[in-house]
Amino acid sequence: MQEKIAQLRGAFKDALSAAKDAPALEALRVEYLGKKGSVAALMQNLRSLAGEEKKAAGQVINELKTGVEQAIKAAGEALAEAELKAQIAAAKPYDVSLPVRTPHGSYHPITLVQREVERIFVTMGFTVEEYPEVVDDYHCFEALNIPKHHPARDMQDTYYLSNGQLLKTHTSAAQNSIMRKYGAPLRAIFPGRCFRNESIDACHENTFFQMEGIMIDRDISISNLIYFMKTMLSEVFQRDVKVRLRPGFFPFVEPGFELDISCLICGGEGCPSCKDSGWLELCPCGMIHPRVLEMGGIDTNEYTGFAFGLGLTRLAMMRYGIKDIRDFNSGSLKALAQFEG
Ligand code: DAH
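The sections below set out a description of the structure shown in this document.

Rules used in this analysis
- Residues numbered from 1 in each chain as written.
- Predicted model: local features only at pLDDT ≥ 70, side-chain atom pairs only at ≥ 80, totals over all residues.
- Heavy atoms only, no water.
- Near = heavy atom within 4 Å.
- Polar contact = N/O pair within 3.5 Å; in protein donor to acceptor, adjacent residues only side chain to side chain.
- Areas by Shrake-Rupley, 256 points an atom, 1.4 Å probe, with all protein chains shown as cover.
- Helix = DSSP H or I, 4+ residues; strand = E, 2+ residues; numbered from the N terminus.
- Nonpolar A, V, L, I, M, F, W, Y, C, P; charged D, E, K, R; others polar.
- Pairing = 2+ DSSP bridges.
- Contact = heavy atoms within 4.5 Å.
- Axes fitted to C-alpha atoms, helices over the stretch in contact; angles between N-to-C directions.
- Parallel < 35°, antiparallel > 145°, perpendicular 65-115°, else oblique.

What about the site of the ligand?
Consideration 1: Inspection of the region around the ligand gives 16 residues, with His170, Ser172, Arg196, Gln210 and Glu212 positioned closest.
Consideration 2: One of the side-chain N or O atoms of glutamine 210 is found 2.9 Å from an oxygen atom in the ligand.
Consideration 3: At a separation of 3.2 Å, an oxygen atom of the ligand approaches a polar backbone atom of alanine 307.
Consideration 4: Compared with its free state, where it exposes 360 Å², the ligand has 94% of that area covered by protein.
Consideration 5: Of all the secondary-structure elements, those providing two or more residues to the shell around the ligand are strand E5 (207-217), strand E8 (279-288) and strand E9 (304-311).
Consideration 6: Taken together, the residues that form the shell around the ligand break down as seven nonpolar, seven polar and two charged.

Take a look at the structure:
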């Protein structure tokens, strides 16, 4: 019996050193420790012994069993560790401080629409101008023919800073500086963030985006204005958009208009989105008031021009079917992450 046990111990040692992977180790475990394994067979043999002999042999078998268990466990651990080390050695060095190659996230829907409109106007010879968000009273109002105490200021209450400057209420605030910078002839668009004291609901925000445009040249007329707006809107919506002008009052244009487009949802038939009128108000515009041109240093004997103030936020809502304006500034990834661009 003792001899048998010694033999088995020797055989196990050899087999263990030959087992090079996890399946081989498992096979070894079954071979020695399984129900029908070698150790169990030895236990069976114990029955033929008695007394001290049986006791001694039993002890040796138990020792063998524990030894085999421990050896297999240790070999398994050593194998796993070696595997991990090999994986680490094979892995490419990873530097977490490196900038990512593929950008994460997506552009804001207003950025997407803004870029699209910019691209369209650039192809029509317009330059894209930047203008600060903090402006003075002169540029936001006076230079646009809105003197102090003019009722048109009521609709454009904003945040005033202690130094007398204010957060611009409309992109028109850049008109004067751009006219002075370039003179005539001139084609420019200037997108920007605007601020107003508004009661916030699904359609109104205190912070929103506009895209202003001006074109000044000899013989510019309302038909030029209609042509440019129609071309731009047809490109944005990728279909022929019908437009109409209604009279609208803005102190810095004369005549002034509200430009409507035929409702894209019902095709002009009338639906809840267009309040059953078949038209959507999209873009106030007009022929630049001669006084505004003069304040911008433009010779009104030679030049005329048109201006428009496109509601970029509004356009983004229509373009993407966004029903609540508050989604734009919410920072909600659920609402914004769907816009890939
Ligand atoms: N600045 C005006 C507003 O925000 C919109 C506007 C109207 C802009 C007529 C224009 C224009 O350029 O011609 O209410």
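There is more to say, and it comes next.
Let's talk about the sheet that holds E9
Consideration 1: Strand order in the open sheet formed by seven strands is E1-E4-E5-E9-E8-E7-E6, and the pairing between neighbours is mixed. Whereas interior strands pair on both sides, the edge strands pair on one side only; in this sheet they are strand E1 (127-128) and strand E6 (243-247).
Consideration 2: Contacts from helix H7 (residues 175-182) reach strand E4 (186-195), E5, E8 and E9 within the one sheet, and its direction differs from that of E4 by about 150°.
Consideration 3: Packed on one face of the sheet, helix H10 (residues 312-320) meets E4, E5, strand E7 (253-262), E8 and E9 and runs near 55° to E9.

Some words on the packing of helix H1 (residues 2-18) against helix H4 (residues 51-90)
Consideration 1: At a minimum axis separation of 11 Å, H1 and H4 run at an interaxial angle of 5°. Classified by the angle their axes make, H1 and H4 are roughly parallel. Contact residues: Gln2, Ile5, Leu8, Arg9, Phe12 and Leu16 in H1; Ala56, Ala57, Val60, Ile61, Leu64, Val68, Ala71, Ile72 and Ala75 in H4.
Consideration 2: Looking at the contact of H1 with H4, its residues break down into 13 nonpolar, one polar and one charged.

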